[in-house]
Amino acid sequence: MKKFNSFKNTHPIISIINNSLIKLPTPSSISFWWNMGSILGICLMVQIITGLLLTMHYTPHMDLAFFSINHIYRNTNMGWFTRTMHANGASMFFFFMYLHIGRNIYYNSYNLIMAWFSGIIILFILMATAFMGYVLPWGQMSFWGATVITNLFSVAPYIGNDIVQWIWGNFTISNATLNRFFMMHFLLPFILMMFIIIHLMLLHSTGSSNPISINYNMDKIPFHPYFTYKDMLGFILMFMLLLYLMIWNPYLLSDPDNFILANPMVTPVHIQPEWYFLFAYAILRSIPNKMGGVLALLMSILILMVKPFIFNKKTKGNQYYFMNKILFFNFMFTFFILTWLGACPVEYPYVTLSQFFTVSYFLFYFMDSYISFFWNKLLTN
């Protein structure tokens, strides 16, 4: 018994689990919105496990990839379950990721700068992983989506076309492209896992933020059992939502054109990415200049890095200001409208609306901090 207690107290793995999960000091006021990080961890585990099962039957060859997906659906044991869980699990991943980012913006959690920057890197890696995974079924939308997105690299001065051909591995999208996309789609989740560990280490070094924007150690309580049960409830709700989507309508979020074998000679009437990229796609299409559109596309994510530097610490807790609430919910509305516009054809009035809401999207990041500054100054005077 004495030896066991000594092992329990000194073993590094037990010590890490104890300090990072069981006795982790956590603000007592954090709400359900702080569950999104742990739910995202479960989403990653679901994607890795189902992805590994799918690789056992998938064939990364342009003549066989589409039919290997059909083989998984029709002939492998529970293949339909694994495939639909992986496809809809990606949607769950982005859904909770956007909720996680929205909560951080609303409650000013971006003040933990290193944790915030590592989170933005995680978002970029997740987007790259999802894009490459969307190409693998080798349907019409997979092929033409890959054509459109990879061609964006051609805007790079002097070497743009060389970069595109290097990505393709040929003079057009071919078998080499599919093979390297499969390899990267398999590798990136493990890189993502590494950055998530770094993200958690940076977060735990300072501690979580909280809704009332106070930072007192006396307010903190152990993570277990108070928040482990809350996290377990979040996991149950996430799996219920995922299973409901899989069983009720597993192809609700899929594009019908992707059930047609890729054909380089037939262009779909309307090329669009998955729903979680539509807001950025609408921003890309709203600018008539190709270079400008690509820069706006990148800035739609990179602008998140600006938030910590334009935030005034005197206005901490600006989620309580009336105008900031209006701005935030207007930003949410803008995000939803841009997502809808990304699925609309490139014609009037959708292009004009995209341009208007693109301006609204970028203005929020600057107006949120400055309005809270003037509002706080008005209240103090």
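Because the structure is predicted, anything quoted here is derived from the model rather than measured. (Residues numbered from 1 in each chain as written. Predicted model: local features only at pLDDT ≥ 70, side-chain atom pairs only at ≥ 80, totals over all residues. Heavy atoms only, no water.)

Section: the nonpolar core
Spelled out, the test is: Here the nonpolar core consists of buried residues drawn from Ala, Val, Leu, Ile, Met, Phe, Trp, Tyr and Cys, with membership extended through side-chain atoms lying within 4.5 Å. Buried, partly exposed and exposed residues are distinguished by accessible area as a fraction of the type maximum, computed with a 1.4 Å probe on protein chains only: under 20%, between the cut-offs, and over 50%, respectively. Only DSSP runs of H or I covering at least 4 residues are called helices, and only runs of E covering at least 2 are called strands; the numbering of each starts at the N terminus.
Counting residues in each nonpolar core, the largest one holds 90 residues, and the members touching the most others are Ile-105, Phe-279 and Leu-304. The greatest single-element share of this core, amounting to 12 residues, is contributed by helix H6 (residues 113-135).

Overview of the UniProt feature "binding site: heme b b566" (unreviewed entry) in the chain
What counts, and what does not: UniProt positions are given in the numbering used here, feature names are shortened, and annotations may be inferred rather than shown by experiment. Throughout, a contact is declared for two residues whenever any of their heavy atoms are within 4.5 Å. Pairs of N or O atoms are called polar contacts if they sit within 3.5 Å, as long as, within protein, a hydrogen donor faces a hydrogen acceptor (for residues adjacent in sequence, only side-chain-to-side-chain pairs).
Taking the numbering used here, the UniProt-annotated feature "binding site: heme b b566" (unreviewed entry) corresponds to His-100 and His-199. These residues run over 100 residues, yet every pair of their C-alpha atoms falls within 13.6 Å of each other. In this view, His-100 contacts Met-36, Gly-37 and Leu-40; residues no more than four positions away in its chain are not counted. Turning to its location among the elements, His-199 is positioned in helix H9 (residues 175-206). The exposure class assigned to His-199 is buried, which follows from its relative accessible area of 17%. Dropping the residues within four chain positions of it, His-199 is found in contact with Ala-115, Ser-118, Gly-119 and Ile-122. In this structure the side chain of His-199 is engaged in a polar contact, spanning 2.9 Å, whose partner is the backbone oxygen of Ala-115.

Comments concerning the UniProt feature "binding site: heme b b562" (unreviewed entry) in the chain
In this numbering, the UniProt entry assigns the feature "binding site: heme b b562" (unreviewed entry) to His-86 and His-185. With respect to the helices and strands, the residue His-86 is situated in helix H5 (residues 79-106). On the accessibility criterion, His-86 (13% relative accessible area) is buried. Sequence-distant contacts of His-86, defined by excluding residues within four places in its chain, comprise Gln-47, Thr-50, Gly-51, Leu-54 and His-185. Of note is the side chain of His-86, whose polar atom sits 3.5 Å from the backbone nitrogen of Gly-51.

Side note on unusual backbone geometry
The omega torsion of the bond from Tyr-348 to Pro-349 falls at 5 degrees, within 30 degrees of zero and hence cis. The topology assignment puts Pro-349 in the loop between helix H14 (322-342) and helix H15 (350-380). Look at Asn-108: it is not a glycine, yet its phi comes out positive at around 60 degrees. Mapped onto the fold, Asn-108 is located in the loop between H5 and H6.

Describing the environment of Gly-119
Structurally, Gly-119 can be placed in helix H6. According to the relative accessible area criterion, Gly-119 is partly exposed, its value standing at 21%. Gly-119 sits 79 residues away from Ile-198 along the chain, and the two C-alpha atoms are 9.5 Å apart.

Some words on the packing of H5 against helix H10 (residues 228-248)
Definition in use: Only C-alpha atoms enter the line fits that serve as axes; for helices the fit covers just the stretch in contact. Angles between N-to-C directions range over 0 to 180 degrees. Working definition: roughly parallel below 35 degrees, roughly antiparallel above 145 degrees, roughly perpendicular at 65 to 115 degrees, and oblique for all remaining angles. In a left-handed crossing the near helix is turned counterclockwise from the far helix by less than a right angle, and in a right-handed crossing that turn is clockwise. In the scheme used here, Gly and all other residues not listed as nonpolar or charged are polar, with Ala, Val, Leu, Ile, Met, Phe, Trp, Tyr, Cys and Pro taken as nonpolar and Asp, Glu, Lys and Arg as charged.
Relative orientation of the contacting elements H5 and H10 amounts to 130 degrees, with a least axis distance of 10 Å. One element, H5, and the other, H10, form an angle in the oblique class. With respect to the hand of their crossing, H5 and H10 are arranged in right-handed fashion. Judged by residue contacts, Phe-81, Thr-84, Met-85, Asn-88, Gly-89, Met-92, Phe-95 and Phe-96 of H5 engage Met-238, Leu-241, Leu-242, Leu-243, Leu-245 and Met-246 from H10. Of the residues contributing to the contact of H5 with H10, the split by class is 11 nonpolar, 3 polar and no charged.

Side note on the side chain of Arg-103
Here is the rule: The charge count treats Lys and Arg as positive and Asp and Glu as negative. His and the chain ends do not count. Think of a salt bridge as a Lys or Arg side-chain nitrogen and an Asp or Glu carboxyl oxygen that are within 4 Å of each other.
Here Arg-103 lies in helix H5. Lacking a salt bridge, the buried Arg-103 has Asp-231 as its closest oppositely charged neighbour, with an N-O distance of 10 Å. Residues contacting Arg-103, with those up to four places away along its chain left out, are Trp-33, Trp-34, Ser-109 and Ser-209.

Section: the packing of aromatic side chains
Spelled out, the test is: The aromatic pairing rule takes the rings of Phe, Tyr and Trp, using the six-membered ring of Trp, and pairs them if the centres are within 6.5 Å, calling planes under 30 degrees apart stacked, those over 60 edge-to-face and the rest tilted.
Applying the stated criterion across every chain yields a total of 39 aromatic pairs. Each ring, one from Tyr-98 and one from Trp-275, has its centre 6.5 Å from the other, and the planes form 80 degrees; the classification is edge-to-face. Here Trp-275 lies in the loop between H10 and helix H11 (278-286) and Tyr-98 lies in helix H5, a separation of 177 residues in the sequence. Tyr-98 gets classed as buried once you look at its relative accessible area, which sits at 16%. On the basis of relative accessible area, Trp-275 is assigned to the partly exposed category, the value being 23%. Measuring from centroid to centroid gives 5.8 Å for Phe-186 and Phe-190, while their planes differ by 50 degrees, and the two rings are tilted. Remark: Phe-190 and Phe-186 occur in helix H9; sequence separation between them is 4 residues, near one turn of the helix.

Structural notes on the environment of Tyr-276
Among the secondary structure elements, Tyr-276 is positioned in the loop between H10 and H11. The sequence separation of Tyr-276 and Ala-130 amounts to 146 residues, and the corresponding C-alpha distance is 9.6 Å. If sequence neighbours within four positions are ignored, Tyr-276 has contacts with Ala-90, Ser-91, Phe-94, Tyr-98 and Ala-130.

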